[in-house]
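What follows is the residue order along each chain.
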Amino acid sequence: MGQQESDCRNTNSFGLSSGQICPLSPLARERLFTQPLPLLFLPCWCQMGLNTVTCRKQVIMGGRKMPRDEENAYGFQEFRSALQERRLRLLLAGRSGTGKSATGNSILQRKHFLSRLATTAVTRACATGSCCWASWDVEVLDTPDLFSPEVAQADPGFKERGRCYLLSAPGPHAVLLVTQLGRFTAQDLQAWRGVKALFGAGIAAHAVVVFTRREDLDGGSLQQYVRDTDNRALRELVAECGGRCCAFDNRAADGEREAQVGELMGLVEELVRDHGGAPYTNDVYRLAQTLGGLSPEERLRRVAERLAARARTWPLAGLWRWPKAGLGTRCKLGLAALLGALFLLYLLCRRRPEAVTV
Ligand SMILES: Nc1nc2c(ncn2[C@@H]2O[C@H](COP(=O)(O)OP(=O)(O)OP(=O)(O)O)[C@@H](O)[C@H]2O)c(=O)[nH]1
């Protein structure tokens, strides 16, 4: 694939102008969360396969098998139109200093984002850049440190995180989790958790792990590196992202960089096909889709408000994600059985109303 560099579009003014699709019915998961009783047991049931709501499903539509993501509110027609639109939104994420901006510049094939070696974070605000790749209009969103625990102090009003949402609305087709080859640290893992905290655990189905400093492979195979690494957290991360990973040497010569971008875009195209052309979406993106008529400030205020509300219910959301948090299957089943037994015990021990004697 060859890249034709050009500015297809200007930066997205909060991303709401393109591909607006009305939200459909709220997710079954959200509905279930409004029911108090099954709340405790949902994660277990879900993990045990009793609840199929969270699972990616194959649905038969018009004689064709279509993959469908639970997080997606799109219907069949919308899948098709998303593909026809030929637009890809890529969101760069990861800890500070891993090479997100440099990777963004490699994709855009020009120096668009500020990228340099520094002891403190260089990127201070979300920024977008766009280019054409093959027949795709590609929009790249670079992010500042939105994913570390420090974000709570740095962005107390959820403004920057709100901008991140609005700039990537109606949702990213792929999240590129950028990490340095050979330096996958606790901070990288925290950043990945931060990505899931901000967007929801379902984002993993749209994630690609991008390693910078490809030159350190010395011509070796990335797959083998990932397979052989003794860093278990890294192996688990790549597995969680469906094995999608690639490597960039952002200082390589133009031709080599173009080949690396081609490799990444191949993974992204496959991902997009797997999702029937639909980007990742969640309740915040769906909210953003309804705010088209409002001023940018008002949209930001509403989205920030929703993010703050989500953060307040974070322990509940954490409960939902808990089954995917890396516990062993046996352990999860054991806990599920224990919770089930406790629930039965509660039902049995509940005081029955006294029999009324006349
Ligand atoms: N050798 C080498 N250096 C790289 C590569 N990718 C990025 N770098 C360097 O890593 C440093 C940090 O890169 P940035 O792109 O600024 O990293 P960032 O993640 O955007 O950093 P923040 O904006 O602070 O979050 C810069 O000096 C880059 O030149 C790579 O593939 N190889």
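As recorded in an unreviewed UniProt entry, the chain goes by GTPase, IMAP family member 1 and comes from Bos taurus.

S.K.: Summarise the overall build of the chain; cite the residues concerned and give the values.
M.R.: Tallying secondary structure elements over the chain gives 14 helices and eight strands in all. Across the 358 residues that make up the chain, the buried fraction comes to 47%. Long-range contacts, defined as pairs at least 24 residues apart, comprise 74% of the intrachain contacts of the chain with a sequence gap of at least 6. Summed over its atoms, the accessible surface of the chain is roughly 18,000 Å², and 54% of this surface lies on carbon and sulfur atoms.

S.K.: Account for the site of the ligand, naming residues and giving values.
M.R.: Taken together, 20 residues surround the ligand, and among them Ser101, Val122, Thr123, Glu215 and Asn250 come closest. At 2.5 Å, a side-chain N or O of Thr123 approaches an oxygen atom of the ligand. Across the complex, the protein chains shield 93% of the 650 Å² of accessible surface that the ligand would expose by itself. In terms of residues, the shell around the ligand owes the most to one element, helix H4 (residues 100-108), which gives three residues. Along the lines of polarity and charge, the residues of the shell around the ligand split into five nonpolar, nine polar and six charged.

S.K.: Residue-level account of the UniProt feature "transmembrane region" (unreviewed entry) in the chain, with values.
M.R.: Summarizing the sequence annotation, UniProt attributes the feature "transmembrane region" (unreviewed entry) to residues 333-349 in the numbering used throughout. Secondary structure content for residues 333-349 is 100% helix and 0% strand, and the end C-alpha separation is 24 Å.

S.K.: Could you give me a rundown of empty space enclosed by the protein, with the residues and numbers involved?
M.R.: Applying the stated criterion to the full structure yields three cavities of 30 Å³ or more. Counted as a void, the second largest cavity has a volume near 40 Å³. Lining of the second largest cavity is provided by Arg89, Leu90, Glu139, Leu141, Leu167, Ser168 and Pro172. Within the residue set of the lining of the second largest cavity, elements represented by two or more residues are strand E3 (87-93), strand E5 (136-142) and helix H6 (159-168). Tallied by class, the residues present in the lining of the second largest cavity amount to four nonpolar, one polar and two charged.

S.K.: Requested: an account of the nonpolar core, with residues and values cited.
M.R.: Ranked by size, the top nonpolar core spans 47 residues in total, and within it Trp192, Val195, Phe199, Phe211 and Val303 carry the most contacts. Excluding anything up to four places from it in sequence, Trp192 contacts Leu177, Ile203, Ala204, Ala207, Leu237, Glu240 and Cys241. Counting 25 residues, the second-largest nonpolar core is a separate cluster that includes Leu88, Trp136, Val138 and Ala174.

S.K.: Help me get a handle on the UniProt feature "domain: AIG1-type G" (unreviewed entry) in the chain, residues and values and all.
M.R.: The UniProt record marks residues 85-289 with the feature "domain: AIG1-type G" (unreviewed entry), using the residue numbering of this structure. Helix makes up 40% of residues 85-289 and strand makes up 18%, while its end C-alpha atoms are separated by 17 Å.

S.K.: Give me the lowdown on the sheet that holds strand E6 (residues 174-180), citing residues and values where you can.
M.R.: Ordered by their spatial adjacency, six strands build an open sheet running E4-E5-E3-E6-E7-E8, and the pairing between neighbours is mixed. Looking at the sheet topology across the chains shown, the edges are occupied by strand E4 (127-133) and strand E8 (245-247). Strand-to-strand twist in this sheet, taken as the mean axis angle between neighbours without regard to direction, amounts to 25°. Relative to E5, H4 is tilted by about 165°, and along the sheet it contacts E3, E4, E5, E6 and strand E7 (207-212).

S.K.: I'd like a description of the pattern of salt bridges, backed by residues and values.
M.R.: For the structure shown, the criterion picks out 14 salt bridges. Across the pair Asp155 and Arg161 runs a salt bridge, and its minimum N-O distance is 2.9 Å. One salt-bridge network, held together by shared partners, links Glu298, Arg301, Arg302 and Glu305.

S.K.: Can you tell me about the packing of aromatic side chains, naming the residues and giving the values?
M.R.: According to the stated counting rule, one finds five aromatic pairs in the structure shown. Ring centres of Phe199 and Tyr285 lie 6.4 Å apart, and the angle between their planes is 5°; this geometry places the pair in the stacked category. Highlighted residues: Phe199 in helix H7 (residues 186-199) and Tyr285 in helix H11 (residues 283-289), separated in sequence by 86 residues. Tyr285 shares its class with Phe199; the two are buried.

S.K.: An account of the confidence of the model for the chain is requested, with residue identities and associated values reported.
M.R.: Averaged over every residue, the pLDDT of the chain is 77; residues scoring 70 or more account for 69%. At the low end of the mean pLDDT range in the chain sits strand E1 (residues 57-61), at 31; at the high end sits E7, at 98. Taken as a whole, residues 1-82 scores under 50 in pLDDT and shows 180 contacts with residues more than four places along the chain or in a different chain. Taken together, the stretch residues 320-326 has pLDDT below 50 and engages in 18 contacts with residues farther than four places along the chain or on a different chain.

What counts as what
Residues numbered from 1 in each chain as written. Predicted model: local features only at pLDDT ≥ 70, side-chain atom pairs only at ≥ 80, totals over all residues. Heavy atoms only, no water. Helix = DSSP H or I, 4+ residues; strand = E, 2+ residues; numbered from the N terminus. Buried < 20%, exposed > 50% of the residue type's maximum accessible area, 1.4 Å probe, protein only. Contact = heavy atoms within 4.5 Å. Areas by Shrake-Rupley, 256 points an atom, 1.4 Å probe, with all protein chains shown as cover. Near = heavy atom within 4 Å. Polar contact = N/O pair within 3.5 Å; in protein donor to acceptor, adjacent residues only side chain to side chain. Nonpolar A, V, L, I, M, F, W, Y, C, P; charged D, E, K, R; others polar. UniProt positions renumbered as here; feature names shortened; annotations may be inferred. 1 Å grid on protein atoms, 1.4 Å probe; cavity = no way out; pocket = protein on both sides within 12 Å on 5 of 7 lines; lining within 4 Å. Points joined across faces, edges and corners; volume = space filled by probe spheres on them. Core = buried A, V, L, I, M, F, W, Y, C linked by side-chain atoms within 4.5 Å. Pairing = 2+ DSSP bridges. Axes fitted to C-alpha atoms, helices over the stretch in contact; angles between N-to-C directions. Salt bridge = Lys/Arg side-chain N within 4 Å of Asp/Glu carboxyl O. Phe/Tyr/Trp six-rings, centres within 6.5 Å; stacked < 30°, edge-to-face > 60°. pLDDT = per-residue confidence, 0-100.

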